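Observations on the three-dimensional arrangement
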Amino acid sequence: MAAVAFLSAILAGMGVGSAGFLVVFLTVFEGFPQLSAQLMNLIFFISSSLAAIGVNFFKKRLDPKMILLVAVPLHLCFFCITFVKMYIAQFVLCRVLVK
């Protein structure tokens, strides 16, 4: 398991998407349910991303103005779409189930 995590970290560090490799390994060879394997992959992805952000911020490779320029509109769109999706899903369910 440690060797697979190490290989996934190497692939992720090189920019290769290692999610498919890790999820397939966990489901086929380790017997994890798919959702549990996806959750472990998400935890791996978030922790490795935070580590990469920390290293790049420390080396001054990140432009804080550009981060704000991209991150703020992205998060606003994310929250708006989430609330719209929740409202539409409730509205559609109410119309379909309650006649």
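Analysis parameters
Residues numbered from 1 in each chain as written. Predicted model: local features only at pLDDT ≥ 70, side-chain atom pairs only at ≥ 80, totals over all residues. Heavy atoms only, no water. Helix = DSSP H or I, 4+ residues; strand = E, 2+ residues; numbered from the N terminus. Buried < 20%, exposed > 50% of the residue type's maximum accessible area, 1.4 Å probe, protein only. Phe/Tyr/Trp six-rings, centres within 6.5 Å; stacked < 30°, edge-to-face > 60°. Core = buried A, V, L, I, M, F, W, Y, C linked by side-chain atoms within 4.5 Å. Contact = heavy atoms within 4.5 Å. Disulfide = S-S within 2.5 Å. Expected span 1.5 Å × (residues − 1). Patch = residues over 30% accessible without salt bridge, like charges linked within 9 Å, V, L, I, M, F, W, Y side chains within 5 Å. Areas by Shrake-Rupley, 256 points an atom, 1.4 Å probe, with all protein chains shown as cover. Salt bridge = Lys/Arg side-chain N within 4 Å of Asp/Glu carboxyl O.

What follows is about unusual backbone geometry. Non-glycine residue Lys60 carries a positive phi angle of around 60°. Note that Lys60 resides in the loop between helix 3 (34–58) and helix 4 (64–97). Look at Lys60 and you get exposed, because its relative accessible area is 72%.

This part takes up the packing of aromatic side chains. According to the stated counting rule, one finds 2 aromatic pairs in the structure shown. Ring centres of Phe78 and Phe79 lie 5.3 Å apart, and the angle between their planes is 65°; on these two criteria the pair is classed as edge-to-face. Residue classification places Phe79 among the partly exposed residues on the basis of a relative accessible area of 44%.

A few words on the nonpolar core. In this structure, Val4, Leu22, Val23, Phe25, Leu26, Ala37 and Phe44 together form the largest nonpolar core, which totals 7 residues. Elements with a contribution of two residues or more to this core: helix 2 (19–29) and helix 3. Per element, the largest residue contribution to this core is 4 residues, and it comes from helix 2. Once residues lying within four places of it in the same chain are set aside, the contact partners of Phe25 are Met1, Val4 and Glu30.

Taken as a whole and assessed by the stated rule, the structure comprises 0 disulfides. No disulfide involves Cys77; its sulfur sits 6.6 Å from that of Cys80, the nearest cysteine. Cys77 gets classed as partly exposed once you look at its relative accessible area, which sits at 46%.

Each turn of an α-helix holds 3.6 residues, which means side chains three or four residues apart point in the same direction. Taking 1.5 Å per residue, 25 residues should reach 36 Å; helix 3 reaches 36 Å between its end C-alpha atoms and fits that length. Residues of helix 3 that are buried: Ala37, Asn41 and Phe44. Positive phi shows up at Lys60, right after helix 3, with a value of about 60°.

It is worth spelling out a nonpolar patch on the surface at this point. Nonpolar side chains collect at one region of the surface, where Leu39, Leu42, Ile43, Phe45, Ile46, Leu50, Ile53 and Phe57 lie side by side and expose about 830 Å² of accessible area between them. Summarising the element assignment, Leu39 is placed in helix 3.

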